[in-house]
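Chain by chain, the residues:
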Amino acid sequence: MDNKSHSLLKLTLIYFFLSIFFLLFFQFSLVIAIFSVLPVDIKIFLINVFKDLSSLYLIKNPPSFFQPFFTFILMELPFVLLSFATSYLLFRNKCEKKYHLLAATFSLLGILILGSFTVIKPMNVGEHKFPGFFSVQISLREFRCSNLPKQSIFNWTYPSNGQTNASIHSPVVVNLKNGVRISSSCDTTYINGRYANSSKMLGGFPGSNIPLVPDGSNTVSELNYLSNADLDEIKKFVSAGSWDNNAIIKVTCNYIKSGCSGNESFSFTTGEE
């Protein structure tokens, strides 16, 4: 590789990684900070410009092909352009203008490839699938999350996955690994999709018990007890409520781990009273 090609490669990497840095760490906190120190007349001018832009027909009624890119253009592209301007100012004396133009072009191409991840592979939150849209920040997060090691979020569950002949008065308790928290709650359904009426403890913290019990009397006391009970105590516990006889029950927990959302399920089968 000759010196010119090597210089272009280094400059392109500078443009690219500075863009990613601006996108991930500055965001609109930088804009707010800069805006707050501007003179009043400039603030008024910028506000009026923003109002004029927001009233444009294209902004209020974007065409369908434009909509997936709306978030990127309004929320992310300004930071990309700001990073390009910063890169040029910092290194304008190191390389010719044509190399800066090429570096910006190649860097923008790389950013567009990154942003397309959420178009090619739309986000899934729980069982909900969102339509594809273009976003570099979300693409980077989703790409990182999709490559996390696949490990169970549970230290243990009761009943255990695949357990048969569980008592119809059995509680359901999951114990979370460190670094994991439940984003909303765990849900119980019968295998045919029908909701299994249950009371549950909302939230959940690393290393803690997340209990669910079949609907019945005194559920608040049951949940409070189970949230602090050890496994031996849980195995002996008899709920006032009951599940269906001879039913397969699926337990699904929505969680957040390392800033990434996901869900994990297990199932067990009840016996007959």
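A. Expanded view of the sheet that holds strand S8 (residues 248–257). Reading across from one edge, S5-S8-S9 is the order of the three strands in this open sheet, with antiparallel pairing throughout. Each edge of the sheet is formed by a strand with only one pairing partner; in this case those strands are strand S5 (180–190) and strand S9 (260–269). When the angles between neighbouring strand axes are averaged without regard to direction, this sheet yields 20 degrees. Across eight bridges, the pairing between S5 and S8 is antiparallel. Of the residues in S8, the one forming a bridge with Cys-186 is Cys-253.

B. Structural context of the state of the cysteines. The tally for this structure, following the rule as stated, stands at one disulfide. Covalently, Cys-186 is tied to Cys-253 through a disulfide, its sulfur atoms 2.1 Å apart. Between Cys-186 and Cys-253 the disulfide shows an S-S torsion of about 110 degrees. By sign, it is right-handed. Residue Cys-186 is located in strand S5, and its partner Cys-253 is located in strand S8; the two are separated by 67 residues in the primary sequence. You can call Cys-186 buried: its relative accessible area is 1%. Residue classification places Cys-253 among the buried positions, given a relative accessible area of 0%.

C. Representation of the sheet that holds strand S6 (residues 198–200) in the model. Taken together, four strands build an open sheet; the order of strands is S3-S4-S7-S6 and the sheet is antiparallel. Edge positions in the open sheet fall to strand S3 (154–158) and S6, since each of these has one partner strand only. Neighbour-to-neighbour, the strand axes of this sheet turn through a mean angle of 15 degrees, independent of strand direction. In this sheet, strand S7 (residues 209–214) lies alongside S6 in antiparallel orientation, the contact comprising three bridges. Bridged to Ser-199 within S7 is Val-213.

D. Fine view of the pairing of S9. Only one face of S9 is buried, namely the one carrying Cys-260, Gly-262, Glu-264, Phe-266 and Phe-268, since none of Ser-261, Asn-263, Ser-265, Ser-267 and Thr-269 on the opposite face is buried. In the sheet, S8 pairs with S9 via ten bridges, with the strands oriented antiparallel. Pairing of Val-251 across the sheet is with Phe-266, part of S9. Counted between consecutive antiparallel strands, the loop separating S8 from S9 contains two residues, among which Ser-258 sits at a positive phi close to 55 degrees.

Cut-offs and rules
Residues numbered from 1 in each chain as written. Predicted model: local features only at pLDDT ≥ 70, side-chain atom pairs only at ≥ 80, totals over all residues. Heavy atoms only, no water. Pairing = 2+ DSSP bridges. Helix = DSSP H or I, 4+ residues; strand = E, 2+ residues; numbered from the N terminus. Axes fitted to C-alpha atoms, helices over the stretch in contact; angles between N-to-C directions. Disulfide = S-S within 2.5 Å. Buried < 20%, exposed > 50% of the residue type's maximum accessible area, 1.4 Å probe, protein only.

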